[in-house]
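Next come the chains, spelled out residue by residue.
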Protein chains: 2
Amino acid sequence: MTSDESDLPAPAFTPYRWGDPAHPATLPDSAAQALSALGIDAPPPPPVPAADIMLPEPRLPSAAREELTAILGTDHVRADHDARLAHTRGWSTPDLLRLRSGDASAAPDLVLTPADHDQVVAALACCARHRVAVVPYSGGTSVVGGLSLDDAGRYAGVVALDVRRLDALEELDEVSRTATLQSGVRGPDAERMLAAHGYTLGHFPQSYEGASIGGYAATRSAGQASAGYGRFDEMVVALVLATPAGTVRLGRAPMSAAGPDLRQLVLGSEGALGVVTSVTVRVRPRPQLRRYLGWRFESFGAGVGALRRLAQEGPMPTVLRLSDETETSLNLADPKGRLGQGPGRGGGGRHRGCLAIVGFEGTEAWVTSREAEASALLDAAGGTFLGEEPGEAWRTGRYRAPYLRDPLLDAGALVETLETATFWSRLEAVKQAVTDALTEALTGQGTPPVVLCHVSHVYEAGASLYFTVVCAQSGTPLDQWQAAKSAANHAILASGSTISHHHGVGRDHRRAYAEEAGPLMLDALCAVKSVLDPNGVMNPGVLIAYRRVTP
Amino acid sequence: MTSDESDLPAPAFTPYRWGDPAHPATLPDSAAQALSALGIDAPPPPPVPAADIMLPEPRLPSAAREELTAILGTDHVRADHDARLAHTRGWSTPDLLRLRSGDASAAPDLVLTPADHDQVVAALACCARHRVAVVPYSGGTSVVGGLSLDDAGRYAGVVALDVRRLDALEELDEVSRTATLQSGVRGPDAERMLAAHGYTLGHFPQSYEGASIGGYAATRSAGQASAGYGRFDEMVVALVLATPAGTVRLGRAPMSAAGPDLRQLVLGSEGALGVVTSVTVRVRPRPQLRRYLGWRFESFGAGVGALRRLAQEGPMPTVLRLSDETETSLNLADPKGRLGQGPGRGGGGRHRGCLAIVGFEGTEAWVTSREAEASALLDAAGGTFLGEEPGEAWRTGRYRAPYLRDPLLDAGALVETLETATFWSRLEAVKQAVTDALTEALTGQGTPPVVLCHVSHVYEAGASLYFTVVCAQSGTPLDQWQAAKSAANHAILASGSTISHHHGVGRDHRRAYAEEAGPLMLDALCAVKSVLDPNGVMNPGVLIAYRRVTP
């Protein structure tokens, strides 16, 4: 793959719609009844067309722009409307709502597309000299406000640094089974490049169609197959980070006792320390066989018990998920679009109780033997085997659910997701506390919600919980959601759980993160930033409050 | 277990002998020939008896001592000869050589034994105020100079902070399968406490008899069963750190995307940031069945290929090790003491070629099925099955090998170990480079060595290499070893490998670590230290050079 094929112009994705514009979603007919039940009768005003959105006047000092142009070349320092708008925000509902209302006040002054690591280092040093904030831009799929300064006035300007031209598979070590991928390689391209040699990364987050390697690393991404292939932070054995102070290279062995694991300080740093320009990740042979099965449990508690046993006693499947009763009854992932048909009707009973998806990928022998072991365990744990059909329906439709958000927003619904992780012994209590917090906060605003939940990632000691919230939009849906989100964050922290299992901190979770990390470790992180980014220009406001890092 | 049972006085271990004094080792008769072949004819002067070793005059300001006494109580601020000497050094050969020669100049002024986390915090704050260096002391088994300041004059005094009274199993969460253990719990006691509830930690480093939980955490320890149970840094889900600046609590879920994984910044910090007072670790049910098997490979390369396939394709055994030809022929771990009998003689052929130990622990069904799968793979990879006898011989004798060092030192041999880790594609080249470096350096000093090596820990992407070196002592064995060690470090770094897979950095690897971490990340680590330990009193000289952290 050459740089040109993925080069600007024309963003691949529509600024305020999820995913690939070639695959827009429409609501099924059955949705009307469900929307009406939520009190949604009339759609809100349509979104402002992208071409009509006004962008703020660029503020960047001309000297900085000239220097950046000298470093990157004229074609790779862009200030046109399309490039700036496309790099304004991510894919969270608040980000979409702002753009829908025509608010692009967070647009960067310039969009930079460096060709390689050295150009990134030079561009960062230049921005640091001119006190220009740099927002690293990888796939652009952040759902936690990772891409937009909310206090840009502190800086002489803001640039988006888009790594899309760092798009190579640099090295494949077939003996060690590792691949060195540049940070701009998007998920599907990584799979394509590795497949040519018989390998897979096995990293399939919900944002797979848009996200890229640098973002996976910077946000500690977890794919839907993390039970089998591991989280992205578990796959990384080495990395290269460009910072305003220079280059950092880490990773001389899979594991080491040479001091703290500093790779884990870069992973999850969300651009606040620098730009990840490449990572070396372990890869696996492409699976010979995939088997995705459905199991039904009578209650969420029974399903959680079964998942826990699989996670603790094995064999650990490649994919392991459990939807609660509400999510199972709505089955958002069903490609036949059963949304709103209510629980218990048809579908071989798969819309009743709690649906678990249990997937195995690997050699034929491995899949066959592990599936048999897991089936015996799930059977003993009270599960009802539903066969391959629900598993395959989930697998083939798994990237479709988020596409429903756009037509739902069009219709007047408010839709958003949030997530956490905790230990098994607290899982059900945390689910209840977060559901209650969301329900109370939205009902109190006159818009009682439906709250769906699933367990999306499992570990020996605990699991993640992923919530989807749907309700009617109030007059100011942005404020409406912030109140609900704030209540959910409070419930998560009060329960002792983490503010994010895989979405990250961004700017949206900054306050909660300060509580989670604690004042001393937050100071320690600021101190690290002061070394790697002494002028405080790297993705300011992410992880750490502005006042802590502004020079 | 109450505090009293493991309380001072009388150190459990002899200051300059490995392990439990109840199980001293003597050299087998066959050793004489081997020692003679190395040019060792007469023993060196015997070590200075412990009671005759002179300790330096305590320098600690009396105000500091009074405050510490007020915090901890008279009985837990000790300045007697035995307590100070017992906390002077660790278990590396250089540490033993210094003590054998009567050099205890690194003895701490005082030995503190706080009762709980709050007393640790108070003691650290007191030491920081008085510019007294604090050496956290857990099991006292460091082999990289983690326990002795080599530039104590920069401080107003030095105390050893021994966590032995933090010896409780604080909590067992059987649903999440996690245990919260205080840092002073020694390995065997942790197993005893967990066994009472049917669980095991599964962490069995070579120093198991002496090491304790805090040291495991502070040094990123890896046990001999790390393939199955994981490294200690993989087991920790939460931890509490006492620092001069206050308390840090981390870990709200098994995994999180809330910023960098700050737990991994504390693990491996070797006391330079504070004192780990407790960790929450995942535990497993005690195995129903253990099967340890021997396999022979014709060459190290063939054995490495087989181990790699097992690590990459599975099933991963609980224990997986491979000795090279030299180590196999000497079989140091053989309880029948075949040392020096040379290769190829008897023992069912287990002293010929390269011996692999393949161990499985778990439920009966798991052990049986995984052993069958692994055996098929090892068979296909050219291995010869040797049955259970070599496996059981290794398992039952596995803590005995290091005991041989003391009688070897007594006899005039120089013996030491060192280790690294790298990716599979470089493994054999690294082994050769390190062996060559050691051989050249020692041969150049007139003492040609025998260098043994084994693979002790395996990962999908690579493995560790563990070297044992034996040669005749020269006139100044400390200098003799330092020259060899320096050559080995250089070879390790030049090969791109890590300076330590599980021994740590301590003071002995400080320079190599600076090269491995790189100047920016070393500055970042200093910056973290400046937040948690603003007066630079925590285990100074470990990880980071003194000048970087002295106030």
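See above for the structure.
In this text, all values refer to a predicted model and were calculated from it rather than measured experimentally.

A. Focus on the interface of chain B and chain A. Every contact between the two is made by 80 residues of chain B and, on the other side, 80 residues of chain A. Of the roughly 6100 Å² buried where chain B meets chain A, counting both sides, 63% is carbon and sulfur surface. Area buried by chain B at its contact with chain A is led by Arg-252, Met-255 and Met-521 of chain B, which between them contribute 14% of it. Across the salt bridge formed by Glu-460 of chain A and Arg-284 of chain B, the nearest N and O atoms sit 2.7 Å from each other. The interface formed by chain B and chain A holds 36 residue pairs in polar contact (both at pLDDT 80 or more) in total. Here the side of chain B that touches chain A takes nine residues from helix H19 (residues 519–532) of chain B, the largest share from any one element.

B. Local environment of the nonpolar core. Ranked by size, the top nonpolar core spans 228 residues in total, and within it Phe-232, Val-281 and Val-455 of chain A together with Phe-232, Val-281 and Val-455 of chain B carry the most contacts. Among the elements that line this core, the one with the most residues is helix H18 (residues 510–532) of chain A, at 13 residues. Contact partners of Val-281 of chain B, with chain neighbours within four places excluded, come to Arg-177, Thr-178, Ala-179, Leu-181, Leu-201, Phe-232, Met-235, Val-236 and Val-237 of chain B.

C. Up close: unusual backbone geometry. Pro-315 of chain A follows Gly-314 of chain A through a cis peptide bond whose omega is 0°. Along the chain, Pro-315 of chain A falls in the loop between helix H11 (300–313) and strand S13 (319–323). Despite not being glycine, Glu-270 of chain A shows a phi value in the positive range, around 55°. Inspection of the secondary structure assignment puts Glu-270 of chain A in the loop between helix H10 (263–266) and strand S10 (275–282). The class for Glu-270 of chain A is buried, based on a relative accessible area of 8%. Positive phi, close to 70°, is recorded for Leu-543 of chain B, a residue that is not glycine.

D. Summary view of the packing of aromatic side chains. Per the stated rule, a full pass over the model turns up 14 aromatic pairs over all chains. Pairing Tyr-292 of chain A with Trp-394 of chain A gives two aromatic rings, centres 6.0 Å apart and planes at 25°, and the pair type is stacked. With a gap of 102 residues between them, Tyr-292 of chain A in strand S12 (residues 289–297) and Trp-394 of chain A in helix H14 (residues 388–397) connect regions that are remote in the sequence. The exposure classification of Tyr-292 of chain A matches that of Trp-394 of chain A, with both residues buried. Here the aromatic rings of Trp-295 of chain B and Phe-385 of chain B are separated by 5.2 Å at their centres, their planes lie at 55°, and the arrangement is tilted. Highlighted residues: Trp-295 of chain B in strand S12 (residues 289–297) and Phe-385 of chain B in strand S15 (residues 384–387), separated in sequence by 90 residues. Judged by its relative accessible area of 3%, Trp-295 of chain B falls in the buried class.

E. Geometry of the pattern of salt bridges. Residue and element names in this part refer to chain A. Evaluation of the coordinates by the stated rule reveals 52 salt bridges over all chains. For Asp-80, the salt bridge goes to Arg-78, with nearest N and O atoms at 2.6 Å. Here the salt bridges share partners, and the residues they tie into one network are Arg-17, Arg-100 and Asp-410.

F. Structural detail: the state of the cysteines. Residues and elements named next belong to chain A. Summed over the entire model, instances satisfying the criterion amount to zero disulfides over all chains. Summary of cysteine pairing: Cys-354 is not part of a disulfide, and the nearest cysteine sulfur, belonging to Cys-453, is at 9.8 Å. Taking relative accessible area as the criterion, Cys-354 reaches 0% and is therefore assigned buried. Cysteine Cys-471 is unpaired, with the sulfur of Cys-453 as its nearest cysteine sulfur at 17 Å. Owing to a relative accessible area of 0%, Cys-471 belongs among the buried residues under this scheme.

G. The arrangement of the pairing of strand S9 (residues 246–250) of chain B in detail. All names here are of chain B. Across five bridges, the pairing between strand S8 (residues 236–243) and S9 is antiparallel. Residue pairing for S9: Val-240 is matched across the bridge by Arg-249. As consecutive antiparallel partners, S8 and S9 are separated by two residues.

H. Just the sheet that holds strand S10 (residues 275–282) of chain B, in detail. All names here are of chain B. In space, the five strands of this open sheet follow the order S5-S6-S10-S8-S9, with antiparallel pairing throughout. With one partner strand each, in any of the chains shown, strand S5 (169–173) and S9 form the two edges of the open sheet. Across the sheet, the mean angle separating the axes of adjacent strands is 10° when strand polarity is ignored. Bridge analysis of strand S6 (residues 178–182) against S10 gives five bridges, and the strand direction is antiparallel. Considered in S10, the bridge of Ala-179 is made with Val-281.

Cut-off values and rules
- Residues numbered from 1 in each chain as written.
- Chains lettered and ligands numbered in written order.
- Predicted model: local features only at pLDDT ≥ 70, side-chain atom pairs only at ≥ 80, totals over all residues.
- Heavy atoms only, no water.
- Contact = heavy atoms within 4.5 Å.
- Buried area = accessible area lost by both parts, 1.4 Å probe.
- Salt bridge = Lys/Arg side-chain N within 4 Å of Asp/Glu carboxyl O.
- Polar contact = N/O pair within 3.5 Å; in protein donor to acceptor, adjacent residues only side chain to side chain.
- Helix = DSSP H or I, 4+ residues; strand = E, 2+ residues; numbered from the N terminus.
- Core = buried A, V, L, I, M, F, W, Y, C linked by side-chain atoms within 4.5 Å.
- Buried < 20%, exposed > 50% of the residue type's maximum accessible area, 1.4 Å probe, protein only.
- Phe/Tyr/Trp six-rings, centres within 6.5 Å; stacked < 30°, edge-to-face > 60°.
- Disulfide = S-S within 2.5 Å.
- Pairing = 2+ DSSP bridges.
- Axes fitted to C-alpha atoms, helices over the stretch in contact; angles between N-to-C directions.

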